[in-house]
Amino acid sequence: MSNGMETKPESHKLIFEKEGVYLHTNAKRSNQDTTIPGFIRIVERDGEPSLEWSPFEEDVRNAPAVFYTKKDGDGGEEETKFDQGYEPDWAVISTVKKERREECPPVRETGQWGSFSLPLSELYSLRRARFSLGRNFLVLTTRGGDPLPPLHFHRGGTRELLKAMQRYIRLAPSPLDGRLFLAYPHDSGALSQSFDELHLFDDASSDLVSRFIQDPYETTFGGFSKVTNFFRGALRPPESPLSNRLPQDAHSPRLADEEPGFELINCGAELGLRPEVKRGKPLDNWDQFLDSDGCVTDPQRVKELVFRGGIVPSLRKEVWKFLLGFYPWKSTTMEREEILRVKTDEYFRMKVQWKSVTEEQELRNSLFRGYRSLIERDVNRTDRHNSFFSGNENPGLALLHDVLMTYCMYNFDLGYVQGMSDLLSPLLFVTQNEVESFWCLTGFMDLVHQNFEESQEAMKQQLLQLSLLLRALDPELCDYLDSQDSGSLCFCFRWLLIWFKREFSFEDILSLWEVMWTRLPCENFHLLMACSILESQKKELIGSNHDFNSILKHINELTMKLDLQSVLCGAEAIYLQLANCKELPVKVQEVLGLFVPLSSSEESPDSEPRDTDALLIHSEARGATACQQYNGQSPQCPRPTYP
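Once a new chain begins, its residue numbering starts again from 1 and follows that chain's sequence as written. Residue-level local features of this predicted model are given only where pLDDT is at least 70; pairs of side-chain atoms are given and counted only at 80 or more, and the full residue set underlies all totals for whole chains, interfaces and linings. The basis for every side-chain value is the complete set of non-hydrogen atoms in the structure, without hydrogens or water.

A. Spotlight on the pairing of strand E3 (residues 48–55). Most of E3 is tucked away, with 7 of its 8 residues classed as buried. Relative to E3, strand E2 (residues 35–45) runs antiparallel, the two sharing 8 bridges. Among the inter-strand pairings, Arg 45 is bridged to a residue of E3, identified as Glu 48. Remark: 2 residues form the turn of the hairpin made by E2 and E3, two consecutive strands paired antiparallel; Asp 46 in that turn has positive phi of roughly 55°. A pair of strands is treated as paired once DSSP finds two or more bridges between them. Put simply, DSSP marks the helices as runs of H or I at least four residues long and the strands as runs of E at least two long, and each gets a number from the N terminus on. Both E3 and strand E5 (residues 116–119) contribute to a ladder of 4 bridges, which runs antiparallel. In the sheet register, Glu 52 faces E5, and the bridge partner there is Ser 117. Partly exposed describes any residue whose relative accessible area lies between the buried limit of under 20% and the exposed limit of over 50%, with all areas from a 1.4 Å probe on protein chains only and scaled to the type maximum.

Given below as structure tokens:
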């Protein structure tokens, strides 16, 4: 007899299953005790989908099964679910309640695991990444912030898993980490509305997860330029009783405006009038700078002319090779012929290396296979509007592919990262030579390779430096952006990453890049370019009372609408204005390359500690000298300014 209540049998439906998924309990020790093979599944139990993992072995039935449930206010204990030898950089400080089960003993310290089940409604984020050997793994974090050990997909399958998950949840890329995705239910109105308003994706019918699966970097690549810490409330970790009491984990995600090392700069001094700047004529006579041996007689003068006016198209192919380091400035004609011979041999040796990789070898090298796949995909969508790359059988596409593949062999640690094809296409268009475009690319990458490193530390640093410059230039604009949660300037990410490649026309980019390759008047001229653009939009941003979303939308819609010559004049004028300021903060001077510490010869061991006046006088003199040299007023550079 029953007690009048019938217990309905639990119904479940298998949606997805993949074997060969290893649970890694300790990243510092990799052995049979810390790496457990198993299955990953998506299972509907009474209509609720869950992500489940279980080991292969049948004899683990007695091992603890870990279940996660929604926090319902009941008691529960917090506990670490794996050996802290693994230090997750994705962990979120928070709390989670573990369902009490009479039959489940505590997790053992040995790291042995039974199955776990995580309702998809309780998934807060996932991070898709790789270890050094190239194996894909997923890291899951619950809405309570409780971290799970990484799941290694030794036989692939992350893409298929994400496809299955998109039936139940949406995944939004974090603007702070291109590999971090935050989970939302399909009925998340605020998220969908914001995406629709910002037109973040070219294909409105394409689901975000589908975009991510096809092209994770490109999805965030476009989104990052339009979104900074968007929907800040949604992107912050879930609130918990511990969130205000525990210090933030050094490895946990950090909002852009909380980056360490940020210093609020208020200039506190009159900058003075901004000088009027005009562009000069392009370099149109190359032979006048070559002596009888073909050596460039005045490289500095060449750079000045290029900076002030660019290069006529007919000379670009030759001069670019000097600007990008393929040829030394002091090399003779005969020496350059020998350099070209040696570099040609070296290029084709590297090309043969990847050309000789067999299909069987490639199957065992997932990293190489991944590079090739990304390159093939990007080649088919890079500057296809340009006649040099248009059409399906265009030989320019083959050259683009081969040069990028060869660069992977040249710099296998960096390999290929999406965005690099944008850097190569103008080089290939101008040189129209496979070998020369490759070595010009290596020179260009020497300047910007840090932009493409996975840590993104260089990009964060550049955004901080941009904030410093803008704060010194226009505190009012900075205050307004801060008031609208846009002070992190992350919408400038794409500008800095590929040097405005997608903001100006193809022809304008040829002119802009040759100017920036001169490294005049300072190495951070690209940041001054960004300041010039932002200041040109100040009246629109503040006058129209733009809010957070409309600021992002407005900045993104500037693409192909900016006048390059006006932006260049504005950037140069900003530099001169700042360099002439007598009380410019040291941090800003450092960004502009104006600050040089006092040398040991200027300070004896017995002297008193440096005071701010001495530093100011020293930096003042440095700035004045820089401006004089830049304007052609020093003996080393007796050149006139613009006509």
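B. The pattern of salt bridges, seen in detail. Salt bridges are counted wherever a side-chain nitrogen of Lys or Arg sits within 4 Å of a carboxyl oxygen of Asp or Glu. Applying the stated criterion to the full structure yields 26 salt bridges. Among the salt bridges present, the one from Glu 304 reaches Arg 308, with a minimum N-O distance of 3.8 Å. Note that Glu 304 and Arg 308 are positioned in helix H6 (residues 299–309) at a spacing of 4 residues, about one turn of the helix. Arg 308 gets classed as buried once you look at its relative accessible area, which sits at 7%. A salt bridge links Asp 383 to Lys 501, with the shortest nitrogen-to-oxygen separation between them at 2.9 Å.

C. Seen up close, the packing of helix H7 (residues 313–323) against helix H12 (residues 420–431). Contact geometry of H7 with H12 gives a least axis separation of 8 Å together with a crossing angle of 125°. Regarding the angle of H7 to H12, the classification is oblique. Within the contact between the two elements, H7 uses Arg 316, Lys 317 and Trp 320 and H12 uses Pro 426, Leu 427, Val 430 and Thr 431. Looking at the contact of H7 with H12 residue by residue, the classes come out as 4 nonpolar, 1 polar and 2 charged. Helix axes are fitted only over the stretch in contact, all axes being lines through C-alpha atoms; the angle between N-to-C directions runs from 0 to 180 degrees. Any angle from 65 to 115 degrees is called roughly perpendicular, while one under 35 is roughly parallel, one over 145 is roughly antiparallel, and all others are oblique. In this analysis, two residues are considered to be in contact whenever any of their non-hydrogen atoms come within 4.5 Å of each other. Nonpolar residues are Ala, Val, Leu, Ile, Met, Phe, Trp, Tyr, Cys and Pro. Charged residues are Asp, Glu, Lys and Arg, and all others, Gly as well, are polar.

D. Spotlight on the packing of aromatic side chains. Here a Phe, Tyr or Trp ring, Trp counted by its six-membered ring, pairs with any other such ring whose centre lies within 6.5 Å, and the pair is stacked when the planes are under 30 degrees apart, edge-to-face when over 60, and tilted otherwise. Per the counting criterion, the structure on display carries 24 aromatic pairs. When the ring of Tyr 347 is compared with that of Phe 348, the centres are 5.1 Å apart and the planes differ by 80°; the resulting orientation is edge-to-face. Measuring from ring centre to ring centre gives 5.7 Å for Tyr 410 and Phe 438, while their planes differ by 90°; the resulting arrangement is edge-to-face. Pair noted here: Tyr 410 is in helix H11 (residues 395–410) and Phe 438 is in helix H13 (residues 434–448), with a separation of 28 residues, a long-range link. On the basis of relative accessible area, Phe 438 is assigned to the buried category, the value being 0%. Ring pairs connect the aromatic residues Tyr 347, Phe 348, Tyr 407, Tyr 410, Phe 438 and Trp 439, which therefore count as one cluster. Think of it as a cone above the ring: NZ of Lys or CZ of Arg counts as a charge over the ring if it is within 6 Å of the ring centre and within 35 degrees of the ring normal. The ring of Tyr 327 carries the charged tip of Arg 336 above its face, separated from the ring centre by 5.9 Å. Across the ring face of Trp 439, the terminal group of Lys 343 is positioned such that the distance to the ring centre comes to 4.1 Å.

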